[in-house]
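Descriptive analysis of the structure
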Amino acid sequence: MPSPFPSSSASSSVWRDADFRRLWAGQTASQLGEHTTLIVLPLFAVLSLDAGAGQLGALRAVGQAPVLLFSLLAGAWVDRWRARTVMVLTDAARAVALGAAAVAGLFGLLGLPALFVVALTVGALSVLFDVAYQASLVRLVRRDQLLQGNSALEGSRSVAQIGGPALGGALVSLLSAPVAAASGALFFAVSFASLRRIRRAEAVPEHPERAPQVRHRIRDGLRFVAGHPLLRAVCLASAAFQFSFAATMTVYLLFLPRELHLAGATIGLALAATGPGALLGSVLAARLPRRYGHGVVLVSAAVLGNGALLWVPALHGSSAVTAAALLAVNFVFGAFGQLVNVTVMSVRQAVTPDGMQGRAAATITFVGMGSTPLGSLLGGLLAQEWGLRTSLLVTGAGMMLSPAVMAASPLVRLGRRLPL
């Protein structure tokens with residue numbers, strides 16, 4: 001049986017593959033559309049529909065809810081379908097949803113209830129797309145190219161995270177909220193066109209004639225992750241990180257303006273430093289694990305990145321030195337955090353069978369992100385009871401649980417080559 005992959009040496013660059021370039025271009029456009037929409041829809045509600053604070057919070061919650069509601073279902077579905085088909089259909093649907101919202105907004109026909117529906121629809125489709133694109137890479141490139149491929153895809157995602165909100169805000173300011181919504185639809189249309197041009201047939205695993213029910217496929221995904229030593233460690237480390245990070249950020253966003261008395265522009269600049277750091281981390285992820293070993297890089301990067309936030313409680317005042325220190329802390333956190341993200345994703349993809357890729361990704365996302373509401377509540381409670389500086393130190397120390405979990409697991413023993 002001929003190989004679905006192009007014939008080339010193991011050391012060849014993934015960029016020589018035309019289909020990978022199409023995947024990268026489509027994923028980049030899709031991520032730009034997604035992160036542009038994340039800022040455009042709230043601004044649409046505030047500027048065009050005069051939404052209050054409670055309504056705005058509800059809109060954001062509705063857009064984020066699909067991560068918890070649909071992640072496991074998305075994993076089960078993606079493992080039954082071709083990832084390219086899922087991505088193309090979700091791009092088309094998001095383009096239609098945002099395009100319809102833009103047209104309705106231009107004619108004054110879009111109210112808050114309809115905007116809630118749009119936010120929920122786009123959020124649910126984005127969950128499907130994100131799970132599918134993680135599975136698609138494994139079906140498109142050789143396993144020895146996963147690290148390089150993930151580095152490229154996560155690098156473009158970092159660019160989208162930086163540029164998408166800024167572009168959305170600029171379009172709303174310079175043009176109008178409906179036109180900005182139309183720009184999101186355009187990005188999804190570009191992604192649709194690029195992904196449709198992928199020519200290589202996916203090696204989708206065969207399934208029995210009587211397919212198990214969705215709940216059984218979800219259960220199988222949960223059991224697979226829980227039963228695999230490496231994936232179980234990834235899942236536990238992700239949950240520890242997301243819980244502690246949510247608590248830390250709740251206190252952090254109060255600490256900067258109230259304890260350090262920083263202006264909003266300075267806070268925004270400091271937080272934005274994570275973006276360039278993440279770009280650097282994506283580049284490092286293509287090199288360091290193969291040179292020093294995946295386990296060493298994972299634990300070391302998690303310690304350095306998470307540990308950088310422990311310096312923040314030591315800062316005082318709103319001087320230029322404080323601002324520079326915050327820029328440095330967020331840059332380091334972004335760089336090493338992204339290095340961990342890309343390396344973990346490559347490990348997960350390498351040890352997961354093709355027929356389980358979607359469910360493994362969805363399970364880890366569900367468990368990790370599912371802990372964030374509790375973390376945010378804990379952060380707020382600690383800030384009220386213990387004060388901002390002490391709470392930030394405690395929650396920041398909690399982030400060291402993640403590298404501790406990895407160091408106590410088989411992940412730390414991973415060498416330069418991933419188990420294939």
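The structure this text deals with has already been given above.
The structure presented is a predicted model; accordingly, all values stated were derived computationally and were not measured.

Here we take up the overall build of the protein. Scanning the protein for helices and strands turns up 17 helices and zero strands. As presented, the protein carries roughly 18400 Å² of accessible surface, and 67% of it is formed by carbon and sulfur atoms.

Now for helix H14 (residues 357-370). Here H14 spans 20 Å end to end across 14 residues, near enough to the 20 Å set by a 1.5 Å rise per residue. For H14, every residue scored as buried is listed here: Gln357, Gly358, Arg359, Ala360, Ala361, Ala362, Thr363, Ile364 and Gly368.

Another aspect to go through is the packing of aromatic side chains. Summed over the entire model, instances satisfying the criterion amount to four aromatic pairs. On the numbers, 6.2 Å between centres and 40° between planes, the contact of Phe129 with Tyr133 is tilted. Taken together, the residues span about one helical turn, with Phe129 and Tyr133 both in helix H4 (residues 112-140) at a distance of four residues. For Phe129, a relative accessible area of 0% corresponds to the buried category. Look at Phe241 and Phe333: their rings are 6.5 Å apart centre to centre, the planes differ by 20°, and that puts the pair in the stacked class. Taken together, the residues Phe241 in helix H8 (residues 229-258) and Phe333 in helix H13 (residues 320-351) connect sequence positions 92 residues apart. According to the relative accessible area criterion, Phe333 is buried, its value standing at 12%.

Look at H8 against H14: their axes get within 7 Å of each other, and the N-to-C directions meet at 30°. Taken together, the axis directions place H8 and H14 in an arrangement best described as roughly parallel. Helix-helix and strand crossings are classified by hand; for H8 and H14 the assignment is right-handed. Contacts between H8 and H14 involve Val234, Cys235, Ser238, Ala239 and Gln242 on the former and, on the latter, Thr363, Ile364, Val367, Gly368 and Met369.

On to a nonpolar patch on the surface. A contiguous nonpolar patch, built from Val103, Leu106, Phe107, Leu109, Leu174, Leu175 and Val179 and spanning about 780 Å² of accessible area, is present on the exposed surface. According to the relative accessible area criterion, Val179 is partly exposed, its value standing at 34%.

In this structure, Phe20, Leu23 and Leu411 are the most contacted members of the largest nonpolar core, which totals 54 residues. It is H4 that provides the largest number of residues to this core, a total of ten residues. Setting aside residues no more than four positions away along its own chain, Phe20 makes contact with Val14, Trp15, Leu137, Leu140, Val141, Gly149, Ala152 and Leu153.

With that out of the way, let us pick up the packing of H8 against H13. Between H8 and H13, the shortest axis-to-axis distance is 12 Å and the interhelical angle comes to 160°. Classified by the interaxial angle, the pair formed by H8 and H13 is roughly antiparallel. The way H8 lies across H13 gives a crossing that is left-handed. Judged by residue contacts, Leu230, Leu231, Val234, Phe241, Phe245, Tyr252 and Leu256 of H8 engage Leu326, Asn330, Phe333, Val344, Arg348 and Val351 from H13.

Let us now look at unusual backbone geometry. As a rule of thumb, non-glycine residues mostly have phi less than zero, and peptide bonds are mostly trans rather than cis. The backbone of His261 shows a phi angle near 55°, a positive value even though the residue is not glycine. Following the sequence through the fold, His261 ends up in the loop between H8 and helix H9 (264-272). His261 sits in the exposed class, given a relative accessible area of 58%.

The next subject is the environment of Trp386. Checked against the element boundaries, Trp386 lands in helix H15 (residues 372-386). In this structure Trp386 comes out as partly exposed when scored by relative accessible area, which is 48%. Excluding anything up to four places from it in sequence, Trp386 contacts Ser391 and Val394.

For the structure on display, the rule yields seven salt bridges. Across the pair Glu34 and Arg94 runs a salt bridge, and its minimum N-O distance is 3.9 Å. Of this pair, Glu34 sits in helix H1 (residues 18-48) while Arg94 sits in helix H3 (residues 83-106); the two residues are 60 residues apart in sequence, bridging distant segments of the chain. Like Glu34, the residue Arg94 is buried in the burial classification.

So, on to helix H7 (residues 214-227). If you check H7, its first and last C-alpha atoms are 20 Å apart, about what 14 residues at 1.5 Å a residue would give, namely 20 Å. Three or more residues of H7 are buried, namely Arg217, Ile218, Gly221, Phe224 and Val225. Burial along H7 is one-sided: seen end-on, the buried residues are contained in an arc of 125°. Across from the buried face of H7, at angles greater than 90 degrees, the exposed residues are Arg215, Arg223 and Gly227.

Before going further, it helps to examine the side chain of Arg359. Relative to the helices and strands, Arg359 resides in helix H14. Judged by relative accessible area, Arg359 falls into the buried class, the value being 9%.

Here Gly305 lies in helix H12 (residues 294-308). Sequence separation between Gly305 and Gln338 is 33 residues; the distance between their C-alpha atoms is 9.1 Å. With near-sequence residues (within four places) excluded, Gly305 lies in contact with Val332, Phe333 and Phe336.

Parameters and conventions
- Residues numbered from 1 in each chain as written.
- Predicted model: local features only at pLDDT ≥ 70, side-chain atom pairs only at ≥ 80, totals over all residues.
- Heavy atoms only, no water.
- Helix = DSSP H or I, 4+ residues; strand = E, 2+ residues; numbered from the N terminus.
- Areas by Shrake-Rupley, 256 points an atom, 1.4 Å probe, with all protein chains shown as cover.
- Expected span 1.5 Å × (residues − 1).
- Buried < 20%, exposed > 50% of the residue type's maximum accessible area, 1.4 Å probe, protein only.
- Phe/Tyr/Trp six-rings, centres within 6.5 Å; stacked < 30°, edge-to-face > 60°.
- Axes fitted to C-alpha atoms, helices over the stretch in contact; angles between N-to-C directions.
- Parallel < 35°, antiparallel > 145°, perpendicular 65-115°, else oblique.
- Left-handed = near helix turned anticlockwise from the far one by under 90°.
- Contact = heavy atoms within 4.5 Å.
- Patch = residues over 30% accessible without salt bridge, like charges linked within 9 Å, V, L, I, M, F, W, Y side chains within 5 Å.
- Salt bridge = Lys/Arg side-chain N within 4 Å of Asp/Glu carboxyl O.
- Core = buried A, V, L, I, M, F, W, Y, C linked by side-chain atoms within 4.5 Å.
- Arc of directions from axis to C-beta.

Take it as geometry only, folks, not as evidence of what the structure does.
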